[in-house]
Amino acid sequence: MTTLRAFTCDDLFRFNNINLDPLTETYGIPFYLQYLAHWPEYFIVAEAPGGELMGYSAAALMLCMFTVMGKAEGSVAREEWHGHVTALSVAPEFRRLGLAAKLMELLEEISEKKGGFFVDLFVRVSNQVAVNMYKQLGYSVYRTVLEYYSASSGEPDEDAYDMRKALSRDTEKKSVIPLPHPVRPEDIE
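Residues numbered from 1 in each chain as written. Predicted model: local features only at pLDDT ≥ 70, side-chain atom pairs only at ≥ 80, totals over all residues. Heavy atoms only, no water.

Colleague: Mind showing me how you'd approach the environment of Thr2 here?
Modeller: Structurally, Thr2 is set in the segment before strand E1 (3-6). Each C-alpha atom of the pair Thr2 and Ala46 lies 6.3 Å from the other, and the pair is 44 residues apart in sequence. (Helix = DSSP H or I, 4+ residues; strand = E, 2+ residues; numbered from the N terminus.)

Right, here's the structure in full:
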């Protein structure tokens, strides 16, 4: 049985195999510690029975670890207070089991309790598996952000979709009305 719990500092040394997935954005340890200090309720981990995270035990048993990391940000006065999904990652061998949907549901519940108007996230335009999953969870493309993701090895930077899902506080669903034109990263507040 999978256990959902708060992410701890010790997990920073146990989740590298998930973080090495090419579609997962990785950050330095200070970045993760900042999230743990400021938004601990948004940093959730799941682990398999036995407590080992994503890897092989001495018996070569494949175990699971997946995380969701987010924060609350924005302005209440401008109806922009929202939950933001910073990272969502499920080990490849445990995908398509509904784990990501469960973590997103938890993040949305936390954002509702904090009085958010919406939840947003950024996803690579090329990551159609993730884009389709988010659409199935009720998210829609709010805008395209040009060259949001830095490329490596001389390839061009990649665009991102800013996807959003309105929460109950946004009764008129104003937060998800799509922008008619793309924006640049420096235009994002």
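Colleague: Sorry, what's going on with the pairing of strand E9 (residues 158-166) here?
Modeller: The side chains of a regular strand alternate between the sheet's two faces. Sheet topology places strand E7 (residues 118-124) next to E9; 7 bridges connect them, and they run antiparallel. Looking at E9, one finds that Val119 is bridged to Lys165. As paired strands, strand E8 (residues 140-149) and E9 are joined by 6 bridges and run antiparallel to one another. Looking across to E9, one finds that Arg143 is bridged to Asp162. (Pairing = 2+ DSSP bridges.)

Colleague: What is the right way to read the confidence of the model for the protein chain from this model?
Modeller: Should the pLDDT be low somewhere, the predicted coordinates at that spot are not to be read in detail. When pLDDT is averaged across the protein chain, the result is 79; 79% of the residues are at 70 or more. Of all secondary-structure elements in the protein chain, the lowest mean pLDDT belongs to strand E3 (residues 55-56), at 23, while E9 reaches the highest, 96. In the predicted structure, residues 52-66 sits below a pLDDT of 50 and forms 54 contacts with residues beyond four places in sequence or in another chain. (pLDDT = per-residue confidence, 0-100. Contact = heavy atoms within 4.5 Å.)

Colleague: How should I be thinking about the pairing of strand E6 (residues 82-90) in this particular structure?
Modeller: Burial analysis of E6 places 9 of its 9 residues in the buried class, which makes it a mostly covered element. Relative to E7, E6 runs parallel, the two sharing 4 bridges. For Val85, the partnering residue across the bridge sits in E7 and is Leu121. (Buried < 20%, exposed > 50% of the residue type's maximum accessible area, 1.4 Å probe, protein only.)

Colleague: Looking at this model, I keep getting lost on unusual backbone geometry. Mind explaining?
Modeller: The general pattern is negative phi for most residues beyond glycine and trans for most peptide bonds. The phi dihedral of Glu147 falls on the positive side, at around 50°, and the residue is not glycine. With respect to the helices and strands, the residue Glu147 is situated in strand E8. Residue Glu147 is classed as partly exposed on the basis of its relative accessible area, which comes to 38%.

Colleague: Whenever I open this one, the side chain of Ser111 confuses me. Can you help?
Modeller: The topology assignment puts Ser111 in helix H3 (residues 99-113). In this structure Ser111 comes out as buried when scored by relative accessible area, which is 1%.

Colleague: What is the right way to look at the packing of aromatic side chains in this model?
Modeller: Aromatic ring pairs: the centre-centre distance and the angle between the two ring planes describe each pair. Taken as a whole, this structure holds 3 aromatic pairs when the rule is applied. An angle of 15° between the planes, with centres 4.7 Å apart, marks the rings of Phe122 and Tyr148 as stacked. One end of the pair, Phe122, is in strand E7; the other, Tyr148, is in strand E8, and 26 residues separate them in sequence. Accessibility expressed as a relative area gives 31% for Tyr148, which makes it partly exposed. A ring pair is formed by Tyr148 and Tyr149, whose centres lie 5.0 Å apart and whose planes are at 85°; its orientation type is edge-to-face. Taking the relative accessible area as the measure of exposure, Tyr149 reaches 8% and is therefore buried. An aromatic cluster of three or more residues is present, and its members are Phe122, Tyr148 and Tyr149. Here Arg124 stacks its cationic end above the ring of Tyr149, 4.3 Å away from the centre of that ring. One Lys or Arg, Arg164, reaches over the ring of Tyr142 and ends 3.6 Å from the middle of that ring. (Phe/Tyr/Trp six-rings, centres within 6.5 Å; stacked < 30°, edge-to-face > 60°. Lys NZ or Arg CZ within 6 Å of the ring centre and 35° of its normal.)

Colleague: I keep staring at a nonpolar patch on the surface and nothing clicks. Help me out?
Modeller: Together, Phe13, Ile29 and Leu33 make up an exposed nonpolar region whose accessible area comes to about 300 Å². Its place among the elements puts Phe13 in the loop between E1 and helix H1 (16-19). (Patch = residues over 30% accessible without salt bridge, like charges linked within 9 Å, V, L, I, M, F, W, Y side chains within 5 Å. Areas by Shrake-Rupley, 256 points an atom, 1.4 Å probe, with all protein chains shown as cover. Salt bridge = Lys/Arg side-chain N within 4 Å of Asp/Glu carboxyl O.)

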